[in-house]
Amino acid sequence: MAEVVEVHKDWSGSFPSGKKITVVFVIGGPGSGKGTQCAKIVSHFGFTHLSAGDLLREEVKSDTEQGTMIKNLMHEGKLVPSEIIVRLLLKAMLASGNDKFLIDGFPRNEENREAYEKIIKIEPEFVLLIDCSREEMERRILHRNQGRDDDNMETIRRRFEVFQQSTLPVIQHYEKMGKLRRLWVDFQLRCF
Ligand SMILES: Nc1ncnc2c1ncn2[C@@H]1O[C@H](COP(=O)(O)OP(=O)(O)O)[C@@H](O)[C@H]1O
Ligand SMILES: O=c1ccn([C@@H]2O[C@H](COP(=O)(O)OP(=O)(O)O)[C@@H](O)[C@H]2O)c(=O)[nH]1
Ligand SMILES: [Mg+2]
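Residues numbered from 1 in each chain as written. Chains lettered and ligands numbered in written order. Predicted model: local features only at pLDDT ≥ 70, side-chain atom pairs only at ≥ 80, totals over all residues. Heavy atoms only, no water.

1. Notes on the site of ligand 2
(1) Moving on: Taken together, 20 residues sit near ligand 2, with K34, R57, K78, V80 and R159 positioned nearest.
(2) Moving on: Residue R148 places a side-chain N or O atom 3.1 Å away from an oxygen atom belonging to ligand 2.
(3) Moving on: In the model, an oxygen atom of ligand 2 is placed 2.7 Å from a nitrogen or oxygen of the R159 side chain.
(4) Moving on: Contact with the protein chains hides 96% of the accessible area of ligand 2, taken as 530 Å² for the molecule alone.
(5) Moving on: With four residues, helix α3 (residues 52–61) is the single largest residue contributor to the shell around ligand 2.
(6) Moving on: Across the shell around ligand 2, the residue classes break down as eight nonpolar, four polar and eight charged. (Near = heavy atom within 4 Å. Polar contact = N/O pair within 3.5 Å; in protein donor to acceptor, adjacent residues only side chain to side chain. Areas by Shrake-Rupley, 256 points an atom, 1.4 Å probe, with all protein chains shown as cover. Helix = DSSP H or I, 4+ residues; strand = E, 2+ residues; numbered from the N terminus. Nonpolar A, V, L, I, M, F, W, Y, C, P; charged D, E, K, R; others polar.)

Here it is in C-alpha cells:
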C-alpha cells in the first residue's frame, strides 16, 4: 500500500478545485453493457467516464514491465493489484479537471474497494449494477469484435468466476449500505 500513497506527485489527499466530487461506480458482469450504458449517461449528464479496463489497456500499450504484468493478468481473466488500478484512476480523475465521475468496472473485489476508500476516499453517491444474464453476457462478448485478447471462451469463463467470487461481495456490501441501484438490461434470468 505504501506505493499507493505516492500515487501522484500533486496529490494532497483532496481535489484541487475544492468542489464536491461526485463519484458513481458502475459494476456488472463481463459484457453486461457497462461501457455502453456509461456512454449514454455521460452524453446526458456531464460525467467523465473512466473505464478501469480501458485505463489498464492503455497501460499495457506502454512497453514496460508493469504493462506486461497487466497484460498477462488480463489475458488470464485475473484482477490486477489494487494499488495499480487505484493509482491509474486517481491520475485520470486529477487530469480530467471534472468533478463528476462514472467509474466503470471498479471496484471488482473487496480489496479494490478498501484501497479506494483508503486513498481516494470519495464515497460513491450510488453504485449502478448492470444486471444481465450470463447467457446474454456471453453472447454479447462473443459478438463484441473489439479484438480483445480476453474475449475468448477460456478467459470469459475465468472472468465470470471472478465476478461471482470477488465482485458479488462488493455488490452485497453496497446493497447493505442502501447504495445499490439495479438496471436490468435483458429479459432473461438475472446474473445471480
Ligand atoms: N442493451 C444491449 N443490447 C444489446 N447489445 C448490447 C447492449 N448493451 C451492450 N451491448 C453490446 O454488448 C457488447 C458488450 O457491451 P459493453 O458495453 O462493452 O459491456 P461491458 O463494458 O460491461 O463489458 C458490446 O458489443 C455492446 O455493443
Ligand atoms: O478494476 C479492474 C478493472 C479491470 N481489471 C482487469 O481488466 C479486465 C477487463 O476489464 P473490463 O472492465 O474492461 O471488462 P468488461 O467487464 O468491460 O468486459 C478484467 O477482466 C480484469 O482482468 C482489473 O483487474 N481491475
Ligand atoms: Mg467494458
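Okay, back to it.
2. Thoughts on the confidence of the model for the protein
(1) Moving on: The share of residues in the protein with pLDDT of 70 or more is 92%, and the mean pLDDT across the chain is 92.
(2) Moving on: Below pLDDT 50 for its whole length, residues 1–5 participates in nine contacts with residues either more than four positions away or in separate chains. (pLDDT = per-residue confidence, 0-100. Contact = heavy atoms within 4.5 Å.)

3. Thoughts on the packing of aromatic side chains
(1) Moving on: By the definition in use, this model includes four aromatic pairs.
(2) Moving on: With a centroid separation of 5.0 Å and an interplanar angle of 75 degrees, the aromatic rings of F25 and Y116 are classed as edge-to-face. Here F25, found in strand β1 (residues 22–28), pairs with Y116, found in helix α6 (residues 110–119); they are 91 residues apart in sequence, far enough to count as distant.
(3) Moving on: Of the aromatic side chains, those joined through ring pairs into one cluster are F25, F106, Y116 and Y174. (Phe/Tyr/Trp six-rings, centres within 6.5 Å; stacked < 30°, edge-to-face > 60°.)

4. Considering the site of ligand 1
(1) Moving on: As a structural note, the neighbourhood of ligand 1 is formed by G29, G31, S32, G33, K34, G35, T36, R140 and R144.
(2) Moving on: Within the backbone of S32, an N or O atom sits 3.3 Å from an oxygen atom of ligand 1.
(3) Moving on: Between ligand 1 and K34 there is a distance of 2.8 Å, counted from an oxygen atom to a backbone nitrogen or oxygen.
(4) Moving on: In isolation ligand 1 exposes 550 Å². Once the protein is present, 67% of that is buried.
(5) Moving on: Here the element with the most residues in the shell around ligand 1 is helix α2 (residues 34–45); it accounts for three residues.
(6) Moving on: Considered class by class, the residues forming the shell around ligand 1 number no nonpolar, six polar and three charged.

5. Describing the packing of helix α7 (residues 134–142) against helix α8 (residues 153–176)
(1) Moving on: Viewed as axis vectors pointing N to C, α7 and α8 meet at an angle of 140 degrees, and their least axial separation amounts to 11 Å. The orientation of α7 relative to α8 falls into the category oblique. Our pair here, α7 against α8, has a crossing hand that is right-handed. Taken together, the residues of α8 that come into contact with α7 (itself represented by R134, M137, E138, I141 and L142) are M153, I156, R157, R159 and F160.
(2) Moving on: Here the residues of the contact of α7 with α8 sort into six nonpolar, no polar and four charged. (Axes fitted to C-alpha atoms, helices over the stretch in contact; angles between N-to-C directions. Parallel < 35°, antiparallel > 145°, perpendicular 65-115°, else oblique. Left-handed = near helix turned anticlockwise from the far one by under 90°.)

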